[in-house]
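Secondary and tertiary structure notes
Single-letter residue listing:
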Amino acid sequence: MNSHLVVIGAPGSGKGTQASKLVSERLYNHISTGDLLRAEIKKQTDLGLKVSKIIESGQLVSDDIVMELLLQNCDLKNKAYIFDGFPRNVEQASMLSKQLLKNSPYVAVYFKIDQDLLISRIVNRRSCPNCGEIYNLISKLPSAPDRCDKCGHLGLTHRKDDHKDIVENRLEIFTKNIQPMLDYYQAIGKLSIIDASESEEKTFTSLLKII
Ligand code: AMP
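Every buried residue of helix α5 (residues 90-101) is listed here: Gln92, Ala93, Ser94, Met95, Leu96, Ser97, Leu100 and Leu101. Among the structural elements, β1 (4-9), α4 (63-73), β3 (81-84), β4 (106-112) and α7 (164-187) are those in contact with the buried residues of α5. Between a side-chain oxygen at the N-terminus of α5 and the backbone nitrogen of glutamate 91 the separation is 3.2 Å; the capping residue is asparagine 89. A positive phi of about 45° marks lysine 102, the residue just after α5.

For the rest of this paragraph, the subject is the nonpolar core. Of all hydrophobic cores here, the largest spans 52 residues; its most connected members are Val6, Phe83, Leu96 and Tyr185. Take this core: its biggest share by element is 8 residues, from α7.

With that settled, consider the pattern of salt bridges. Tallied over the entire structure, the rule returns 12 salt bridges. Residue glutamate 56 is joined to lysine 160 by a salt bridge in which the shortest nitrogen-to-oxygen separation is 3.4 Å. In this pair, glutamate 56 sits in helix α3 (residues 46-56) while lysine 160 sits in the loop between β6 (134-136) and α7, placing the two residues 104 residues apart along the sequence. Among the residues examined, glutamate 56 registers a relative accessible area of 30% and is labelled partly exposed. Salt bridges sharing partners connect three or more residues here, namely Arg125, Arg159, Asp161, Asp162 and Arg170.

This brings us to the packing of aromatic side chains. One pass over the full model with this rule turns up 3 aromatic pairs. Relative to phenylalanine 83, the ring of tyrosine 81 has its centre 5.8 Å away and its plane inclined at 40°; by these criteria the two rings are tilted. Taken individually, tyrosine 81 and phenylalanine 83 each receive the classification buried, so the pair is uniform in this respect. Geometrically, the ring pair formed by tyrosine 106 and tyrosine 185 is edge-to-face, given 6.3 Å between the ring centres and 80° between the ring planes. Taken together, the residues tyrosine 106 in strand β4 and tyrosine 185 in helix α7 connect sequence positions 79 residues apart. When sorted by exposure, tyrosine 106 lands in the same class as tyrosine 185, which is buried. Three or more aromatic residues link up through ring pairs in this structure, and these residues are Tyr106, Tyr184 and Tyr185. Over the aromatic face of phenylalanine 204 sits the side chain of lysine 21, whose NZ or CZ is 5.3 Å from the ring centroid. Cation over ring: lysine 140 sits above tyrosine 135, and NZ or CZ is 5.8 Å from the ring centre.

With an omega of 10°, the peptide bond between phenylalanine 86 and proline 87 qualifies as cis. For proline 87, the position within the fold is in the loop between β3 and α5. The phi dihedral of glutamine 44 is positive, around 55°, even though this residue is not glycine. Residue placement: glutamine 44 occurs in the loop between α2 (33-43) and α3. Look at glutamine 44 and you get exposed, because its relative accessible area is 60%. Even without being a glycine, lysine 102 presents a positive backbone phi close to 45°. Structurally, the position occupied by lysine 102 is in the loop between α5 and β4.

With that settled, consider the site of the ligand. Every one of the 16 residues lining the ligand counts as a neighbour, but Thr33, Gln59, Gly85, Gln92 and Arg170 are closest to it. Between the ligand and the protein, one listed contact pairs a nitrogen atom with a side-chain N or O atom of threonine 33 at 2.8 Å. Arginine 88 places a side-chain nitrogen or oxygen 3.1 Å from an oxygen atom of the ligand. Per element, the largest residue contribution to the shell around the ligand is 4 residues, and it comes from α2. Counted by class, the shell around the ligand contains 6 nonpolar, 5 polar and 5 charged residues.

Calculation criteria
Residues numbered from 1 in each chain as written. Predicted model: local features only at pLDDT ≥ 70, side-chain atom pairs only at ≥ 80, totals over all residues. Heavy atoms only, no water. Buried < 20%, exposed > 50% of the residue type's maximum accessible area, 1.4 Å probe, protein only. Helix = DSSP H or I, 4+ residues; strand = E, 2+ residues; numbered from the N terminus. Contact = heavy atoms within 4.5 Å. Polar contact = N/O pair within 3.5 Å; in protein donor to acceptor, adjacent residues only side chain to side chain. Core = buried A, V, L, I, M, F, W, Y, C linked by side-chain atoms within 4.5 Å. Salt bridge = Lys/Arg side-chain N within 4 Å of Asp/Glu carboxyl O. Phe/Tyr/Trp six-rings, centres within 6.5 Å; stacked < 30°, edge-to-face > 60°. Lys NZ or Arg CZ within 6 Å of the ring centre and 35° of its normal. Near = heavy atom within 4 Å. Nonpolar A, V, L, I, M, F, W, Y, C, P; charged D, E, K, R; others polar.

This is the structure we're talking about:
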């Protein structure tokens, strides 16, 4: 079984896109805390109702809630995971290693990218509500307008928290939390860094060299 992979990067740095490439080409399971939370909102569970406003405003949900959701949805004994969107701060990084990964082998990869590129990437991001495939109105249009190439679903969505004012909020939170997280993984010898401002293919090649 592959080592687990913890992907860290700003919103729009391409973590989700690269994770789905790895899932289709390698033996990985992709677990995204953003996706898990959005699924709770869609199902209108108590948890979903509790977190929907927080997510729409671009703030972070509490560490304990997200950790619990992660614990409920992982089967670490049998599967190798890509953790996407968790950790978001050093407290979560520590929770992830102490409560979930424990002695399992893993590597943390930081998707380093210039902040100016991010806003344009995120506000132009669209995704398929059916299969989760990600598109971009500038760099990765679907072959037919508004139709998902992967599953054929008609009607791609623009996430509420991908609008410019909320994106700025999310990036500010990211900037505040990133360095302590990188220091944490550096100190335990788990950190690798890739240049995520490159094309999707080049970034994927860099990622393959690490895992
Ligand atoms: P994402 O899809 O990873 O961009 O996450 C979307 C939103 O879900 C974030 O802006 C947060 O509100 C929430 N969220 C996702 N993952 C976490 C996490 N690890 N900790 C706290 N909030 C999270």
